[in-house]
Amino acid sequence: MEAYTAVISLLQTLDQPNISELFYDHSTEMLDSLHATAEYFQDVLENTSNEKIKSLEEDIRVVVSEAEDVVEMKISEIIKEESWTFGILQHHDMLPVVEKMDTTKKQVMEILSDDDADQILELTADSLIGSNYSTSYPMLSNDIVQGLEGDLEMIDKRLRGRESGLDIVTISGMGGIGKTTLAKKAYDHLPIRYHFDIFVWVTISQEFQYRNVLLEALHCISKKNPKYYDEMNDNELADLVQKSLKGPRYLVVVDDIWSRDVWDIISQIFPNRNNGSRVLLTTRETDVAIYANTSSPHKMNLLDLDNSWKLLCDKVFGLEHDHPPELEEIGKQIAEKCQGLPLIISVIAGHLSKTVPKTLKSWKYVAQTLSEIIASHPNKCLGVLGLSYHHLPNRLKPCFLSMGDFPEDFQVDTRRLIQLWIAEGFIRMPSGSRKSLEEVAKNYLEDLISRNLIMARKKRYNGEVKVCGIHDVLREFCLIEAEMTEFMHVMITPFSPAQRPNFRRFSIQEYFVDAYILLPPVTRSIYCFSYLGIPSEPRIKLLPILPIYRHDPIIHGFFSSFNHLRVLIILSPYFGSFPLVITKLFHLRYLQVRCLGNIPESISELLNLQTLICDANSLEMTLPRKIWMMKNLRYIRLKDASYLPSPRIDKNLVTGMPNLEEFFGLCYSSCTNEVFSSIPNLKRLTIHAPLRVDNVPWHLLDMSSSRKLEAFKLSWRQRFAWPMKRFGFPTSLRKLTLASCSAKKWEETLSPLTKLPNLEELKLKYCRAEDDVWRLTDKDLFRSLKLLLLSELNLKGWEASSDSFPNLKRLVLKECKDLQEIPTDFVEICTLESIELHDCTTTAEASVRNIKQEREDMGYNILKVYIHNSHSKL
C-alpha cells in the first residue's frame with residue numbers, strides 16, 4: 001500500500017501545471033520518463049495480484065520516493081534561483097533516479113512475463129472456483145446478545161411478510177457489530193422455523209470459492225456425505241441446488257458477502273417460485289447490500305450505553321447473577337469505552353471474567369488500559385476488523401489510514417479532510433475524468449463510509465456528511481498498520497534521537513520534550529495536536545492559559561530543514577508572530593497555525609498552498625495584498641473579520657485567485673464588486689462584521705457577479721445591526737444564513753428571497769422587524785426550499801400556505817417565544833418529514849401536534865415531531 005501511495009504522490013507532483021516549463025530539454029524528457037514509469041507502477045499495483053510483485057513493493061516505494069525528493073528539490077532550487085547552471089546540474093542529478101525507476105520497472109515486467117501476465121484480477125466464476133469443502137455455519141452456542149430485539153423484529157417482519165415473490169433481505173454494518181449473530185438469531189427464531197420448509201446457510205468470506213458454496217448449500221438440504229458429489233462438476237452442482245429449492249418455501253442465509261460480482265454469480269441459483277421464499281444476506285459493504293436489494297437494506301447500529309453495559313454484565317456475571325454494586329460505575333465506563341461494538345465488549349468481558357479479579361481497583365486498571373488489552377487479542381479484534389481494510393482497493397487505503405492522524409474521538413470536518421487528502425497526494429484524477437480532485441476525494445469518503453470503516457458523525461439536511469470519525473478500535477488498527485507499513489508515525493511515547501524513525505508523515509498527539517528535533521528532513525506531513533517541545537514563554541495578559549512560542553532561532557532552525565513539507569498543522573500554543581520561515585516551505589499545500597498579529601506579505605511565496613487556516617488572535621486582521629498572487633489557494637479560513645485589500649495592482653491591472661472556492665472570515669468592508677469578480681469560482685462565503693458598527697456605511701452587498709456561489713453566511717457579534725434589504729444574491733445560491741439583521745417588514749425583506757430558484761436551505765437567526773407578522777402572498781413561493789430554520793425572531797404571527805413551501809422537508813424553530821402557532825395549512829406539505837421546536841410557546845407546540853395528527857388521519861407519510869423544551873419525542 002505504501003508503494004501505491006508513493007506512486008500517486010509522485011504523479012501528482014509531476015502533474016503540476018507548467019512544471020515542464022521549469023526544466024530544460026533533457027530534463028523534460030526525464031520527467032516524461034518518470035511519469036510513464038510511475039503510471040505503469042500505478043496500473044500494476046491497482047490491477048495485479050502476484051506475491052512476487054508484493055516482494056518488490058518496498059523497492060518501488062523507495063525508488064519512487066527518491067525520485068519525488070529529487071524533483072521537488074530541483075523545483076525549489078529553480079524557484080529560489082540557487083543555481084545559474086541549473087540545466088546541466090539537473091540533467092546529471094536526475095539521471096540516477098530515472099535509471100533506478102527503469103531498472104525496477106524491468107524487474108516487475110519480468111515477473112509478469114514469467115507468469116504469462118495473467119495475474120490481472122478478473123472476478124469471474126472461473127477464476128473464483130475452489131475445491132476444498134468445509135462447512136462454515138456459525139457455531140455460536142447460545143451467544144449472549146443485547147440490543148438486537150428491535151433488529152430481530154424488523155428482520156422477522158421482512159422474512160415472514162406478505163410478499164410472494166423472492167425477497168432479498170440485507171443486513172449491513174461494520175465488522176464485529178453482530179450481523180452474523182443477528183442472522184443466526186433469525187435463522188433459529190421459532191416463528192421463522194415454522195414458516196419455511198428448507199433452511200440453507202452458506203458463508204462467502206473474502207476468498208470466495210464457488211464450489212464450496214454449492215457444497216455447503218447441498219449439505220444443508222440433503223445431509224449427504226460430501227464425497228457423494230465428488231464426480232459432479234460445478235454446473236451440475238448448481239443445477240442440483242436450484243432443483244432442490246424449486247418446490248418448497250426456502251430461507252437461504254448468505255453470510256459475509258463482499259462484492260457485487262460474487263452476488264451476481266450466486267444469485268443465479270435461487271429460483272423465484274412466488275411462494276414467499278427469502279434470501280438473508282449479511283455484508284460489511286453497504287454498497288453490496290443496496291445492490292442486492294435497493295428497496296430497504298437493514299443497517300445495524302452500535303449499541304447504546306445501557307445495552308453495552310447489559311451485554312458486559314451478562315458475559316462477565318452470567319444471565320442469572322447480579323453484579324456487585326461497587327463495580328457499576330466503573331463497569332459503565334468500560335462499556336462506554338467500547339463505543340457500542342459487541343465484538344469489543346465480548347473480548348473485554350472475557351478478559352474481565354477470566355483474568356481479572358472482580359475488584360474496583362482491577363476494573364479501574366482495565367478501564368485505563370483498554371487499548372492495550374484489545375491489541376493483545378489481534379485475532380479476536382484487530383484481525384477481524386482488519387479484513388475490511390485488506391479488502392480495500394489500494395487507492396482507498398492511505399485515506400483510511402490517515403484517520404489515525406487524529407487523536408482518539410476527534411471530530412473531523414469532511415471538507416478539511418478532503419483538502420488534506422488532496423494536499424497529501426492521496427488523490428489523483430482517473431485518466432479521462434472530468435471530475436475535480438474534490439469530487440474524486442468526496443467519492444473516496446463516501447466509499448469508505450459505505451464500507452463501514454469511517455463513521456458519519458453529523459449530516460447536513462440533504463444527507464451530506466458534515467463531520468466524520470472512526471471507531472477507537474479501527475483507529476488502533478490504523479496506528480498498528482501505519483507503523484508496520486511505514487505510512488505514518490504517531491508520536492505518543494518519547495524516543496531517543498538514535499531511534500529516530502525514517503517516516504515521512506508524523507502526528508504528535510502527546511507532549512514530550514524536544515519532539516521537534518526528532519523529525520527527519522524528508523518529512524512530508526506534520527500534524528501537531530500537542531506541544532512541539534519548542535521552548536515557550538507564558539503570556540499572562542493576552543492569553544493567560546496558553547504559552548507562546550517566541551524562540552525565533554529555534555523555530556527557524558526547526559522548520560527550515562523540511563524542504564519537502566506539504567502539510568503543517570500546529571494546534572498547540574500560539575506563535576508570538578507568524579513564523580516567517582514557514583513561508584519558505586515552497587512545497588507546502590496545507591497550512592494551519594495559531595499566531596498573534598497579521599499574516600506576512602511573504603505568504604505569497606507559498607505558490608503551491610491550497611488551504612490556509614489561521615487562528616490569529618487579532619481583533620481585525622489585515623491580509624497582505626500579495627495574497628492575490630497565490631493562484632492555487634482553494635480554501636481560506638480565518639478566525640475573525642479579516643480585511644482583504646483590493647486586487648488592483650495598478651490602474652490597468654487587476655489580479656485574482658481563480659481557484660478559491662471557500663472564504664471563511666471575510667470582513668464586510670472588503671465585500672466589493674472588484675473583490676468578488678476577482679474570485680470567480682467562489683462557492684462558499686462567510687462574512688464577519690466589524691466589532692464596532694457605529695458609523696458603518698451600509699452599502700449594498702452585491703454578490704450577483706459570484707455566479708458559482710452556493711452558500712452564504714452572515715455572522716455578526718452585535719444583534720440587530722444589518723439592514724436586511726442591503727443584499728444582492730446570485731441565483732446559484734443554495735444555502736443562506738442571515739444573523740442579527742433588522743428590517744421594517746418581514747415580507748418586504750424576505751419576499752425577494754423567493755426569487756432564488758435554487759435556494760434549498762434558509763436560516764434566520766436573531767433577526768427582527770418592526771412588524772411582528774410574516775405574511776406570504778400567493779406569489780411568495782420558496783420552490784426549492786427543503787430546510788427552514790427560524791431562531792430567536794420577534795415573530796408573533798406567521799401567515800403562509802402549503803404552496804409557499806412545496807418541497808419543505810425539515811422545519812426548525814428555536815426560541816421563537818412570541819410565535820403562537822405554525823400555519824395550519826402546513827399539513828398539506830406532502831414532502832414535510834420533521835418539525836423541531838426548541839423552547840417555543842405551548843400554543844406553537846399544540847399546533848404542531850395537531851398538524852401531526854391530521855397528517856396521520858389523512859394517510860400521509862409519518863411526520864416526526866421533536867419538542868425539546870418538554871423533553872418529549874412524539
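Nothing here was measured: the structure is a model prediction, and the numbers come from that model.

**Student:** Mind showing me how you'd approach the overall build of the protein chain here?
**Tutor:** Helix and strand content of the protein chain: 26 helices and 38 strands. Per-residue burial for the protein chain yields a buried fraction of 54% across its 874 residues. Considering only contacts in the protein chain between residues 6 or more positions apart, those separated by 24 or more positions represent 64%.

**Student:** Help me understand the sheet that holds strand S1 (residues 167-172) in this model?
**Tutor:** The strands that make up a sheet are held in pairs by hydrogen bonds between backbone atoms, and each pair lies either parallel or antiparallel. Spatial strand order, S2-S3-S4-S1-S5: five strands in an open sheet with parallel pairing. Every other strand in the sheet has two partners, leaving strand S2 (198-203) and strand S5 (298-299) as the edge strands with one partner each.

**Student:** Is there a simple way to explain the environment of Gly-178 in this structure?
**Tutor:** As for its placement among the helices and strands, Gly-178 is situated in the loop between S1 and helix H7 (179-188). Since its relative accessible area comes to 15%, Gly-178 is described here as buried. With 164 residues separating them along the chain, Gly-178 and Pro-342 place their C-alpha atoms 6.6 Å apart.

**Student:** Would you take a moment to explain unusual backbone geometry for this structure?
**Tutor:** Most peptide bonds take the trans configuration, and most residues that are not glycine carry a negative phi. In the Ramachandran plot, Asp-409 falls in the positive-phi region, its phi being about 65° despite a non-glycine side chain. Judged by relative accessible area, Asp-409 falls into the partly exposed class, the value being 42%.

**Student:** So what exactly am I meant to see when it comes to the side chain of Glu-760 here?
**Tutor:** Among the structural elements, Glu-760 can be located in the loop between helix H25 (746-750) and strand S30 (761-765). The buried category is assigned to Glu-760, whose relative accessible area is 17%.

**Student:** I tried to follow the packing of aromatic side chains on my own but got confused; where do I start?
**Tutor:** For any pair of aromatic rings, geometry is given as the distance between the ring centres together with the angle between the planes. Per the stated rule, a full pass over the model turns up 27 aromatic pairs. Measuring from ring centre to ring centre gives 6.5 Å for Trp-774 and Phe-782, while their planes differ by 85°; the resulting arrangement is edge-to-face. Both residues of the pair, Trp-774 and Phe-782, belong to the buried class. A ring pair is formed by Trp-774 and Trp-798, whose centres lie 5.6 Å apart and whose planes are at 0°; its orientation type is stacked. Of the two residues, Trp-774 is situated in strand S32 (residues 773-775) and Trp-798 in strand S34 (residues 797-799); the sequence distance between them amounts to 24 residues. Comparing Trp-774 with Trp-798, the two get one shared label, buried. Put simply, the rings of Trp-774, Phe-782, Trp-798, Phe-805 and Phe-826 touch in pairs and so form one group of aromatic residues. Over the aromatic face of Phe-664 sits the side chain of Arg-637, whose NZ or CZ is 3.7 Å from the ring centroid.

**Student:** Help me understand the confidence of the model for the protein chain in this model?
**Tutor:** It should be kept in mind that the predicted coordinates are not to be read in detail where pLDDT is low. When pLDDT is averaged along the protein chain, the result is 83; 85% of the residues meet or exceed 70. Confidence drops under a pLDDT of 50 for residues 116-142, and excluding neighbours within four residues, the segment shows 49 contacts in the predicted structure. In this model residues 537-545 is a low-confidence stretch, pLDDT under 50, and it forms 16 contacts with partners more than four residues away in sequence or in other chains.

**Student:** Where do I start with the nonpolar core in this structure?
**Tutor:** Soluble globular proteins tend to pack their nonpolar side chains together in the buried interior. Ranked by size, the top nonpolar core spans 102 residues in total, and within it Leu-591, Phe-712, Trp-798 and Phe-805 carry the most contacts. Not counting residues within four places of it along the chain, the set of residues in contact with Phe-712 comprises Leu-685, Ile-687, Leu-701, Met-703, Phe-727, Phe-729, Leu-733, Lys-735, Leu-736, Thr-737 and Leu-738.

**Student:** Can you help me understand the pairing of strand S28 (residues 735-739) in this one?
**Tutor:** For a regular strand, side-chain orientation follows a simple rule: the groups alternate between the two sheet faces. Of all five residues in S28, five are buried; the element is thus mostly enclosed. Burial along S28 is two-sided: Lys-735, Thr-737 and Ala-739 facing one way and Leu-736 and Leu-738 facing the other are all buried. When strand S25 (residues 711-715) meets S28, the two strands line up parallel, connected through three bridges. Its bridge partner lying in S28, Ala-711 is registered against Lys-735.

**Student:** I keep staring at the sheet that holds strand S6 (residues 412-413) and nothing clicks. Help me out?
**Tutor:** Read from one edge of the open sheet, three strands run S6-S8-S7, paired in antiparallel fashion. The sheet is open, and its two edges are formed by S6 and strand S7 (455-459), each paired on a single side. Examined bridge by bridge, S6 and strand S8 (residues 465-469) share two bridges and lie antiparallel to one another. The residue of S8 that forms the bridge with Asp-413 is Val-467.

**Student:** Is there a simple way to explain helix H14 (residues 328-337) in this structure?
**Tutor:** Residues spaced three or four apart along an α-helix point in a common direction, a consequence of the helix completing one turn every 3.6 residues. Among the residues of H14, those classed as buried are Ile-330, Gly-331, Ile-334 and Ala-335. Along H14, the residues classed as buried sweep out an arc of 145° about the axis, all on the same side. Of the exposed residues in H14, those oriented more than 90 degrees away from the buried face are Glu-329 and Glu-336. Residues of H14 that are buried sit in contact with helix H13 (305-317), helix H15 (342-355), helix H16 (360-368) and helix H17 (370-375). With its phi angle positive at about 55°, Gln-339 sits one or two positions after the end of H14.

**Student:** Just checking my understanding: could you explain helix H21 (residues 437-450) for this structure?
**Tutor:** Over its 14 residues, H21 runs 20 Å from end to end, which matches the ideal 20 Å to within 8%, given 1.5 Å per residue. Buried within H21 we find Leu-437, Glu-438, Val-440, Ala-441, Tyr-444, Leu-445, Leu-448, Ile-449 and Ser-450. In this structure, the buried residues of H21 make contact with helix H12 (286-292), helix H19 (397-401), helix H20 (414-424) and S8. Where H21 ends, the next residue or the one after it, Asn-452, has phi of about 60°, a positive value.

**Student:** Explain the pattern of salt bridges here, please?
**Tutor:** If the charged atoms of two oppositely charged side chains come close together, the side chains can form a pair. Using the criterion set out here, one finds 39 salt bridges in the structure. The closest approach of N and O atoms between Asp-69 and Arg-504, which form a salt bridge, is 2.8 Å. With Asp-69 in helix H3 (residues 51-80) and Arg-504 in the loop between strand S9 (489-491) and strand S10 (505-508), this pair connects stretches of sequence that are 435 residues apart. Note on accessibility: Asp-69 and Arg-504 belong to one class, buried. Here Glu-845 and Arg-849 are joined by a salt bridge, their closest N and O atoms 4.0 Å apart. Here Arg-849 and Glu-845 lie together in helix H26 (residues 842-858), a separation of four residues that amounts to about one turn. According to the relative accessible area criterion, Arg-849 is partly exposed, its value standing at 32%.

**Student:** What's the story with the pairing of strand S11 (residues 525-528) in this structure? I'm lost.
**Tutor:** The alternating pattern of S11 places Ser-525 and Tyr-527 and Ile-526 and Cys-528 on opposite faces, both of which are buried. In terms of strand pairing, S10 meets S11 through four bridges, oriented parallel. When the bridges of S11 are listed, Arg-505 appears paired with Ser-525. Pairing of S11 with strand S14 (residues 567-570), which is carried by four bridges, proceeds in the parallel orientation. In the sheet register, Cys-528 faces S14, and the bridge partner there is Ile-570.

**Student:** It is not clear to me how the packing of helix H6 (residues 149-159) against H7 should be interpreted in this structure. Could you clarify?
**Tutor:** The description of two helices packed together rests on the angle between their axes and the distance between the axes. Here H6 crosses H7 at 55°, and the two axes come no closer than 10 Å. Our classification of the angle between H6 and H7 gives oblique. H6 and H7 meet at a crossing whose hand is right-handed. Between H6 and H7, the contacting residues are Asp-151, Leu-152, Ile-155 and Leu-159 on the first element and Leu-182, Lys-185 and Ala-186 on the second. Considering only residue class, the contact of H6 with H7 consists of five nonpolar, no polar and two charged.

Parameters at a glance
Residues numbered from 1 in each chain as written. Predicted model: local features only at pLDDT ≥ 70, side-chain atom pairs only at ≥ 80, totals over all residues. Heavy atoms only, no water. Helix = DSSP H or I, 4+ residues; strand = E, 2+ residues; numbered from the N terminus. Buried < 20%, exposed > 50% of the residue type's maximum accessible area, 1.4 Å probe, protein only. Contact = heavy atoms within 4.5 Å. Pairing = 2+ DSSP bridges. Phe/Tyr/Trp six-rings, centres within 6.5 Å; stacked < 30°, edge-to-face > 60°. Lys NZ or Arg CZ within 6 Å of the ring centre and 35° of its normal. pLDDT = per-residue confidence, 0-100. Core = buried A, V, L, I, M, F, W, Y, C linked by side-chain atoms within 4.5 Å. Arc of directions from axis to C-beta. Expected span 1.5 Å × (residues − 1). Salt bridge = Lys/Arg side-chain N within 4 Å of Asp/Glu carboxyl O. Axes fitted to C-alpha atoms, helices over the stretch in contact; angles between N-to-C directions. Parallel < 35°, antiparallel > 145°, perpendicular 65-115°, else oblique. Left-handed = near helix turned anticlockwise from the far one by under 90°. Nonpolar A, V, L, I, M, F, W, Y, C, P; charged D, E, K, R; others polar.

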